[in-house]
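The chain contents come next:
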Amino acid sequence: MVTQLQGATKGLPQGYKLQPIQFEKDDDTNYHMDLIAGLANMRARNYSIPEVDKLKAKLIAGRIIPAIATATAMATGLVCLELYKVLQQKPLESYRNTFANLALPLFAMAEPIPSKSFEHKDLKWSIWDRWILEGDMTVQEVLDWFEQRSLKAYSISAGQSLLYNDIFPKHKERLNKKMSELVVTVAKQTLSDRRHFDVVVACEDEEGE
């Protein structure tokens, strides 16, 4: 996105300058609420929070009390400073965790600790990583995928629902069923407007770890 924005600036008049504009929720010609509603719904979708239409978003925005000189504004500014580092692709030691309390006042910064990583043969991952399995696979195909990497998968869950666990004899009937089918029928998730779904697979290596 940053590259696209930089490329778009080449088509602007020489000497152009960005000017701040006042947020106005009741003027549909400025598309302010279209942007706010779109961004809010994308954020909500990431965390499975119910999405709202533009009218509902406008009602919510109208009840927000500005927080100029509060901890909210301070936290937002600190987050933006860290985002600049992300865009500049700074190394991990350039980032900062900030602990602040305006009532004391207290401001303390520290370098973030790298997330714990795990290794198994030629695989390496952290709690932030995800393995992407392409295609509508069956439960058995998922188990085979892990077995090919010397890992024994014994449990698969989606949300709070258990799709498969090898300790339950009746779950053997699910081995040839599609994962998408179980996500819909067992986990009660809707996949009509989604091209992927997340599952958690519990597995162990040859040593049982």
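Residues numbered from 1 in each chain as written. Predicted model: local features only at pLDDT ≥ 70, side-chain atom pairs only at ≥ 80, totals over all residues. Heavy atoms only, no water.

**Looking at the overall build of the protein**
- Tallying secondary structure elements over the protein gives six helices and seven strands in all.
- For the protein, the succession of helices and strands along the chain, N to C, is α-α-α-α-β-β-β-β-α-β-β-α-β.
- Seen along its three principal axes, the alpha-carbon backbone of the protein occupies a region of about 65 × 45 × 40 Å.
- Taking all 209 residues of the protein together, the buried fraction comes to 21%. (Helix = DSSP H or I, 4+ residues; strand = E, 2+ residues; numbered from the N terminus. Buried < 20%, exposed > 50% of the residue type's maximum accessible area, 1.4 Å probe, protein only.)

**Focus on a nonpolar patch on the surface**
- On the surface, Val2, Leu81, Tyr84 and Leu87 cluster together into a nonpolar patch covering about 400 Å² of accessible area.
- Ranked by the residues each element gives to the nonpolar patch, the list is headed by helix 4 (residues 71-87), at three residues.
- Position of leucine 87 among the secondary structure elements: in helix 4. (Patch = residues over 30% accessible without salt bridge, like charges linked within 9 Å, V, L, I, M, F, W, Y side chains within 5 Å. Areas by Shrake-Rupley, 256 points an atom, 1.4 Å probe, with all protein chains shown as cover. Salt bridge = Lys/Arg side-chain N within 4 Å of Asp/Glu carboxyl O.)

**Topic: the packing of aromatic side chains**
- One pass over the full model with this rule turns up five aromatic pairs.
- Between tryptophan 145 and phenylalanine 146, the ring centres sit 5.0 Å apart and the planes meet at 75 degrees, which makes this aromatic pair edge-to-face. Phenylalanine 146 carries the same exposure label as tryptophan 145, and that label is buried.
- Taken together, the aromatic side chains of Phe118, Trp125, Trp131, Trp145 and Phe146 make up a single cluster linked through ring pairs.
- Of note, arginine 149 hangs over the ring of tryptophan 145, and the distance from its end group to the ring centre comes to 3.7 Å. (Phe/Tyr/Trp six-rings, centres within 6.5 Å; stacked < 30°, edge-to-face > 60°. Lys NZ or Arg CZ within 6 Å of the ring centre and 35° of its normal.)

**Description of the pattern of salt bridges**
- The full count for this structure, using the stated rule, is eight salt bridges.
- For aspartate 26, the salt bridge goes to lysine 25, with nearest N and O atoms at 3.1 Å.
- With a shortest N-O distance of 2.8 Å, glutamate 51 and arginine 45 are connected by a salt bridge.
- Through salt bridges with shared partners, a single ionic network connects Asp28, Asp34, Lys54 and Lys58.

**What to know about the confidence of the model for the protein**
- Looking at the protein as a whole, its pLDDT mean stands at 88, while 98% of the residues score no less than 70.
- Here helix 1 (residues 2-8) stands out as the least confident element of the protein, with mean pLDDT 80; strand 6 (residues 161-165) is the most confident, with 94. (pLDDT = per-residue confidence, 0-100.)

**So, the sheet that holds strand 5 (residues 152-158)**
- Spatial ordering of the open sheet is given by 6-5-7, a layout of three strands whose pairing is antiparallel. One side of each edge strand has no neighbouring strand; the edge strands of this open sheet are strand 6 and strand 7 (200-204). Neighbour-to-neighbour, the strand axes of this sheet turn through a mean angle of 20 degrees, independent of strand direction.
- Sheet topology places strand 5 next to strand 6; four bridges connect them, and they run antiparallel. Each residue of the ladder has a partner; that of alanine 158, found in strand 6, is serine 161. (Pairing = 2+ DSSP bridges. Axes fitted to C-alpha atoms, helices over the stretch in contact; angles between N-to-C directions.)

**What about the nonpolar core?**
- By size, the foremost hydrophobic cluster in this structure holds 19 residues, and its most contacted members are Val139, Leu143, Ile156 and Leu163.
- For this core, the secondary-structure elements that each account for two or more residues are helix 5 (139-147), strand 5, strand 6 and helix 6 (179-185).
- For this core, the element with the most residues is helix 5, which contributes five residues.
- Look past the residues within four positions of leucine 163 in its chain and what remains in contact with it is Ile156, Ser157, Ala158, His171, Arg174, Met179, Leu182, Val183, Val186, Ala187 and Val199. (Core = buried A, V, L, I, M, F, W, Y, C linked by side-chain atoms within 4.5 Å. Contact = heavy atoms within 4.5 Å.)

**Thoughts on helix 3 (residues 54-62)**
- Within helix 3, the full set of buried residues consists of Ala57, Lys58 and Ala61. Buried residues of helix 3, viewed axially, fall in a sector of 100 degrees; they line one side. (Arc of directions from axis to C-beta.)

**Describing helix 4**
- Taking 1.5 Å of rise per residue, 17 residues should cover 24 Å, and helix 4 covers 25 Å from first to last C-alpha, within 8% of that figure.
- Following helix 4 by one or two positions, glutamine 89 adopts a phi angle in the positive range, close to 55 degrees. (Expected span 1.5 Å × (residues − 1).)

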